[in-house]
Amino acid sequence: MGNLISAANFAKVAQYADLFKQGMAVTIMLSLLTVLFGFFLALLLAVMRLSHLCPFGFLGLTKDGHLREQGFLFHLSRFNPVSFIATVYVEVFRATPMLVQLWLVYFLLFDKSVIDLPKVTILGFIRLERFIPGVVALALNSGAYLSEIIRAGIQSIDGGQTEAARSLGLTQGQNMRYVVLPQAIKNTLPAIANEFVTIIKESAITYTIGVQDIMSAVNATKGALYIIIEPLLVATLMYFCLTFPTSKIIAYFERRMSRGDKR
Amino acid sequence: MATRDSLIQVTDLKKYYNRGAIKALDGITADINRGDVMVVIGPSGSGKSTFLRSLNLLEKPTGGSIVFDGVDITKPKAKNAEGKVVRVNVDEHRQKMGMVFQHFNLFPHMTILDNMTLAPIKVRHMPKAQAEEKAMVLLDRVGLKDRAGAYPIQLSGGQKQRVAIVRALEMEPEVMLFDEPTSALDPEMVGEVLDVMKELAHEGMTMVVVTHEMGFAREVGNRVLFMADGRLLEQGTPDEIFNHPQNERLQDFLSKVLV
Ligand SMILES: Nc1ncnc2c1ncn2[C@@H]1O[C@H](COP(=O)(O)OP(=O)(O)OP(=O)(O)O)[C@@H](O)[C@H]1O
Ligand SMILES: [Mg+2]
């Protein structure tokens with residue numbers, strides 16, 4: 001038996017350096033796009049969950065115009081279908097494995113041509129018909145998690161802000177857009193950036209649907225060279241080099257931001 | 001009965017919490033006339049804030065009615081002054097009622113100028129330049145023209161509250177509601193805020209003021225309401241309320257606050 005880890009094997013892996021470099025680029029782009037789309041999905045979900053749309057609200061009034069306090073009609077008048085849908089979405093995506101979601105999205109929506117993606121390769125190594133399903137699945141999942149962060153951010157904004165805005169005549173939507181969300185998002189930016197770090201790591205599973213990320217480079221080298229430990233160590237180092245400095249930079253800005261608040 | 005210059009008629013207003021276990025407002029009936037400076041006093045938890053917040057529907061009343069400018073704003077649809085049935089737009093009515101809070105509630109992510117122009121621009125669709133010009137005139141009135149570019153965090157409490165008042169004034173409300181506007185201020189800043197309010201009163205602004213400043217109530221108010229346990233126990237002129245109180249609870253309350 002040879003050594004468990006050998007320099008010669010690393011030299012062999014080095015022949016596939018381009019594959020790893022491309023994998024790194026794919027991982028970064030995949031994560032950035034995921035957080036971008038996930039963020040907008042999360043905004044939508046958070047606002048849906050905190051909305052006050054009650055289509056049966058009129059059932060909560062008695063004939064003489066008093067508010068009901070209990071009973072079936074009281075509960076029906078409080079029912080908010082928009083919030084309900086968002087809640088179900090978030091709970092389902094948080095309660096099931098990401099791998100299952102990824103495969104479901106890929107095989108259900110894209111593989112059987114429900115949504116036909118062009119077989120286009122951009123930059124010479126990004127195969128869109130694999131990359132896009134990867135982004136979609138990751139963003140659907142990330143949106144569920146981020147929406148909880150944003151929801152907490154919105155709820156942490158003092159109710160007096162909304163009262164002031166509404167008393168000035170702003171609608172609920174305008175209040176969200178101009179008063180609450182700008183403050184809530186600023187407060188949650190570090191958490192959103194941390195989600196980016198999480199996605200860099202979690203995106204490794206997308207190689208299972210053929211996305212050519214860092215893990216896919218590991219897989220390809222393993223197939224060609226019949227070695228696994230050295231390519232894995234290279235991948236480990238690459239992921240670490242992506243996530244560690246990023247977290248440190250986020251922590252730095254987080255400290256600076258909280259200092260600014262105490263001015 | 002509604003008189004000719006009556007602005008708001010509140011009838012049997014009720015606000016219950018926890019299925020009626022807490023009666024924050026238990027049937028309040030009051031008339032607010034144009035030009036009134038109505039001061040609301042009463043012990044803590046008596047429902048003063050709830051009353052004020054119900055007036056512009058920040059709290060949805062459990063029962064009763066609030067007729068503002070001839071329209072019952074507590075109902076989704078109501079008859080207007082001419083007897084036509086109209087859909088009640090709460091946001092529209094809120095524009096006509098300015099509100100000033102104990103904790104100022106300025107928007108911390110915006111400059112003073114942006115705080116003032118947000119509603120005129122977004123709600124009234126006023127051109128930005130015009131809104132800013134108007135804001136500067138108002139800021140000048142309260143001596144804060146040179147702080148237009150500052151952020152709320154850079155102002156003192158008294159300055160913040162003065163901004164909050166002119167921010168509400170920028171929407172040209174028909175009535176201003178004040179909920180303990182000086183209670184969160186250091187004592188040396190109370191005067192500067194009360195002065196702005198006095199000036200407003202002298203200009204004829206209709207005001208409803210919840211306050212513990214009995215001096216202000218006597219000097220500036222033309223009517224005083226005394227609330228306890230969600231009920232209106234006594235109302236009258238400052239002279240009637242402070243010099244000839246009838247209700248026992250009021251006498252007791254005054255003996256504690258007028259040292
Ligand atoms: N959201 C709420 N849920 C339950 N009870 C409430 C709520 N808001 C107010 N109350 C209760 O309603 C009553 C009236 O409260 P309110 O704030 O109007 O009193 P207040 O006269 O303004 O008192 P203070 O002088 O302390 O400001 C209190 O007993 C209070 O506990
Ligand atoms: Mg109060």
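Refer to the structure above for everything that follows.
Residues numbered from 1 in each chain as written. Chains lettered and ligands numbered in written order. Predicted model: local features only at pLDDT ≥ 70, side-chain atom pairs only at ≥ 80, totals over all residues. Heavy atoms only, no water.

Draft legend 1. Layout of the overall build of chain A. Within chain A one finds 10 helices and two strands. Starting at the N terminus and ending at the C terminus, chain A contains elements arranged as α-α-α-α-α-β-β-α-α-α-α-α. A compact globule built from 263 residues would reach a C-alpha radius of gyration of about 18 Å, whereas chain A, at 24 Å, exceeds it by more than 25%. Taking the principal axes of the C-alpha coordinates as reference, chain A spans close to 90 × 55 × 35 Å. The 263 residues of chain A split such that 42% are buried. For chain A, restricting intrachain contacts to residue pairs at least 6 apart in sequence, the fraction spanning at least 24 positions comes to 77%. Within chain A, the 16 negative side-chain charges are centred at a point lying 4 Å from the centre of the 23 positive side-chain charges. (Helix = DSSP H or I, 4+ residues; strand = E, 2+ residues; numbered from the N terminus. Rg over C-alpha atoms; globule rule 2.2 N^0.38 Å. Buried < 20%, exposed > 50% of the residue type's maximum accessible area, 1.4 Å probe, protein only. Contact = heavy atoms within 4.5 Å. Lys, Arg positive; Asp, Glu negative; His and termini not counted. Charge placed at Lys NZ, Arg CZ, Asp CG, Glu CD.)

Draft legend 2. Spotlight on the site of ligand 1. Residue and element names in this part refer to chain B. Around ligand 1 sit Tyr17, Ile22, Ala24, Pro43, Ser44, Gly45, Ser46, Gly47, Lys48, Ser49, Thr50 and Glu180, and those are all the residues in its vicinity. One of the backbone N or O atoms of Ser46 is found 3.2 Å from an oxygen atom in ligand 1. Residue Ser49 places a side-chain N or O atom 2.7 Å away from an oxygen atom belonging to ligand 1. Considered on its own, ligand 1 offers 640 Å² of accessible surface; in the complex 61% of this is hidden by protein. Among the secondary structure elements, those contributing two or more residues to the shell around ligand 1 are strand E2 (22-33) and helix H1 (48-55). (Near = heavy atom within 4 Å. Polar contact = N/O pair within 3.5 Å; in protein donor to acceptor, adjacent residues only side chain to side chain. Areas by Shrake-Rupley, 256 points an atom, 1.4 Å probe, with all protein chains shown as cover.)

Draft legend 3. A look at the sheet that holds strand E8 (residues 97-100) of chain B. Residues and elements named next belong to chain B. The sheet built from six strands is open, its strands ordered E8-E9-E10-E3-E11-E12 with mixed pairing. Unpaired on one side and paired on the other, E8 and strand E12 (231-236) mark the two borders of the sheet. Taking each pair of neighbouring strands and ignoring which way they run, the sheet shows an average axis angle of 20 degrees. Where helix H6 (residues 187-202) meets the sheet, it contacts strand E3 (37-41), strand E9 (175-179) and strand E10 (206-210), and its direction lies at approximately 145 degrees from that of E10. (Pairing = 2+ DSSP bridges. Axes fitted to C-alpha atoms, helices over the stretch in contact; angles between N-to-C directions.)

Draft legend 4. The arrangement of the sheet that holds strand E1 (residues 6-17) of chain B in detail. All names here are of chain B. Pairing is antiparallel in the open sheet, where four strands are placed in the order E2-E1-E4-E5. Of all strands in the sheet, those bounded by a partner on one side alone are E2 and strand E5 (71-72). Summarising the sheet, strand E4 (residues 63-68) and E5 pair through two bridges and their orientation is antiparallel. Paired with Phe68 across the two strands is Val71, which belongs to E5. Lying on the sheet, H1 is in contact with E1, E2 and E4; it crosses E1 at an angle near 120 degrees.

Draft legend 5. Focus on the interface of chain B and chain A. With 34 residues of chain B in contact, the opposing surface of chain A contributes 27 residues. Carbon and sulfur atoms supply 58% of the area buried between chain B and chain A, which totals about 2,500 Å² over both sides. In this structure, the connection of chain B to chain A is made through two salt bridges. Close ionic contact of B:Arg53 with A:Glu163 constitutes a salt bridge, the shortest N to O distance being 2.6 Å. At the surface where chain B touches chain A, the tally comes to seven residue pairs in polar contact (both at pLDDT 80 or more). (Buried area = accessible area lost by both parts, 1.4 Å probe. Salt bridge = Lys/Arg side-chain N within 4 Å of Asp/Glu carboxyl O.)

Draft legend 6. The pattern of salt bridges, seen in detail. Residue and element names in this part refer to chain B. Evaluated as defined, the whole model comprises 23 salt bridges over all chains. Across the pair Arg34 and Asp69 runs a salt bridge, and its minimum N-O distance is 3.3 Å. Here Asp69 lies in the loop between E4 and E5 and Arg34 lies in the loop between E2 and E3, a separation of 35 residues in the sequence. Arg34 gets classed as partly exposed once you look at its relative accessible area, which sits at 43%. Overall, the relative accessible area of 28% leaves Asp69 in the partly exposed class. In this structure, a network of salt bridges that share partners links the residues Arg34, Asp69, Lys96 and Glu174.

Draft legend 7. Representation of the side chain of A:Asn141 in the model. Residue and element names in this part refer to chain A. Secondary-structure assignment places Asn141 in helix H6 (residues 128-155). Here the side chain of Asn141 touches Gln101 through a polar contact of 2.8 Å, side chain to side chain. Among all residues touching Asn141, those that are not within four sequence positions of it are Phe93, Met98 and Gln101.

Draft legend 8. Up close: the packing of aromatic side chains. Evaluation of the coordinates by the stated rule reveals eight aromatic pairs over all chains. Ring centres 5.8 Å apart and planes at 55 degrees place the aromatic pair A:Phe79 and A:Phe84 in the tilted group. Looking at A:Phe84, the relative accessible area reads 48%, which means it is partly exposed. Each ring, one from A:Trp103 and one from A:Phe107, has its centre 5.9 Å from the other, and the planes form 75 degrees; the classification is edge-to-face. On the criterion of helical spacing, the pair formed by A:Trp103 and A:Phe107 is a turn pair, its members being four residues apart in helix H5 (residues 98-111). By the ring-pair criterion, three or more aromatic residues cluster together here, those being A:Trp103, A:Tyr106 and A:Phe107. A cation sits over an aromatic face here: B:Lys23 above B:Tyr16, 5.5 Å from the ring centre. Over the ring of B:Phe107 we find B:Arg167; its NZ or CZ atom is 4.5 Å from the centre of that ring. (Phe/Tyr/Trp six-rings, centres within 6.5 Å; stacked < 30°, edge-to-face > 60°. Lys NZ or Arg CZ within 6 Å of the ring centre and 35° of its normal.)

Draft legend 9. Structural detail: the environment of A:Trp103. Residue and element names in this part refer to chain A. On the basis of relative accessibility, which here comes to 40%, the residue Trp103 falls in the partly exposed class. For Trp103 and Gly134, which are 31 residues apart along the polypeptide, the C-alpha to C-alpha distance reads 9.3 Å. The residues contacting Trp103, other than those within four sequence positions of it, are Leu108, Thr208 and Ile209.

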